[in-house]
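# A closer look at the structure
Letter by letter, the chains look like this.
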Amino acid sequence: MAADSRLILHFEGSILDGQFENYKTWIERNRETAKKAGSDFWCPSSDGKKILHHEAFSDDRNFKSHMNDWVPTVLDELGEFLEIDKIQVCGPITDEQKSILAQFGAALEYYENY
């Protein structure tokens, strides 16, 4: 069986002190537009201090559309209540995609997919 060719991102973040309810409200308010943009898997920890977020992109066009068209519309608001600490990248990635992810200011880890 061939290796998965999707680009899979695993975000780990910290919810800022006292911002868990704002985070939940934001998720509820943006769920439909997030789903249309290919992003609908947000998991807060039970203590309300951490988040996990997963995304998978079938090709470069989907990745760029999501990162360049949708993410900028929500990034400032997200920054009001959480920080992205680390992004784990699984699968094939281009230098341009690395540059786009570096703009988050988070630690980046790359994993090959064989």
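In this convention, every chain numbers its residues from 1, walking through the sequence in written order. In keeping with the model being predicted, local features are shown solely for residues with a pLDDT of at least 70 and side-chain atom pairs are shown and tallied solely at 80 or more, while totals for entire chains, interfaces and linings include all residues. To get the side-chain values, all heavy atoms of the structure are used, and hydrogens and water are removed first.

### Description of the environment of Ile 51
For Ile 51, the location among the structural elements is in strand E3 (residues 50-57). Residues Ile 51 and Asp 85, 34 residues apart in the sequence, show an inter-C-alpha distance of 9.8 Å. With sequence-adjacent residues up to four places away left out, Ile 51 is seen in contact with Phe 11, Glu 12, Gly 13, Ile 15, Tyr 23, Trp 42, Cys 43 and Pro 44. Runs of E in the DSSP output that reach at least two residues are strands. Runs of H or I that reach at least four are helices, and both are numbered from the N terminus. Should any heavy atoms of two residues lie within 4.5 Å, those residues are counted as being in contact.

### Comments concerning the environment of Lys 49
By secondary structure assignment, the location of Lys 49 is in the loop between strand E2 (42-44) and E3. With a relative accessible area of 54%, Lys 49 lands in the exposed category. Residues Lys 49 and Ser 99, 50 residues apart in the sequence, show an inter-C-alpha distance of 28 Å. When near neighbours in sequence (up to four residues on either side) are disregarded, Lys 49 contacts Gly 13, Ser 14 and Ile 15. Any residue under 20% of the maximum accessible area for its type is buried, any over 50% is exposed, and the rest in between are partly exposed; the area is computed with a 1.4 Å probe on protein chains only.

### Let's talk about empty space enclosed by the protein
The method is simple in principle: a probe with the dimensions of a water molecule rolls over the atoms, and the space it marks as empty is what remains. Points on a 1 Å grid over protein atoms alone make up a cavity when a 1.4 Å probe fits among them but cannot get out, and a pocket when they form an open set with protein on both sides within 12 Å along at least five of seven lines; lining residues each have an atom within 4 Å of a point. Grid points are joined across faces, edges and corners, and a volume is the space filled by probe spheres set on the points. Within the structure shown, the criterion is met by one cavity of 30 Å³ or more. Computed from the structure, the largest cavity encloses a volume of approximately 130 Å³. In terms of lining residues, the largest cavity is bounded by 14 residues, among which Trp 42, His 53, Glu 55, Leu 78 and Phe 104 are the most central. Of all the secondary structure elements, the ones that give two or more residues to the lining of the largest cavity are E3, helix H2 (60-78) and strand E4 (82-90). Each residue gets one label: Ala, Val, Leu, Ile, Met, Phe, Trp, Tyr, Cys and Pro are nonpolar, Asp, Glu, Lys and Arg are charged, and the others, such as Gly, are polar. Split by residue class, the lining of the largest cavity holds ten nonpolar, three polar and one charged.

### Side note on the sheet that holds E3
Reading across the sheet, the five strands line up as E2-E3-E1-E4-E5 and stay open at both edges, with mixed pairing between neighbours. The outermost strands of the open sheet, each flanked by one partner alone, are E2 and strand E5 (107-111). Taking the axes of each pair of neighbouring strands and ignoring which way they run, one obtains an average angle of 20 degrees across the sheet. Here, a strand pair is defined by DSSP locating no fewer than two bridges between the strands. Here E4 pairs with E5 via five bridges, running parallel. For Val 89, the partnering residue across the bridge sits in E5 and is Tyr 110. Comment: axis = line fitted to C-alpha atoms, over the contacting stretch for helices; angle = value between 0 and 180 degrees taken between N-to-C directions. On top of the sheet, H2 reaches strand E1 (7-15), E2, E3 and E4; it is set at about 155 degrees to E3, its chief contact. Against the sheet, helix H3 (residues 95-102) engages E1, E4 and E5, with an angle of about 150 degrees to E5.

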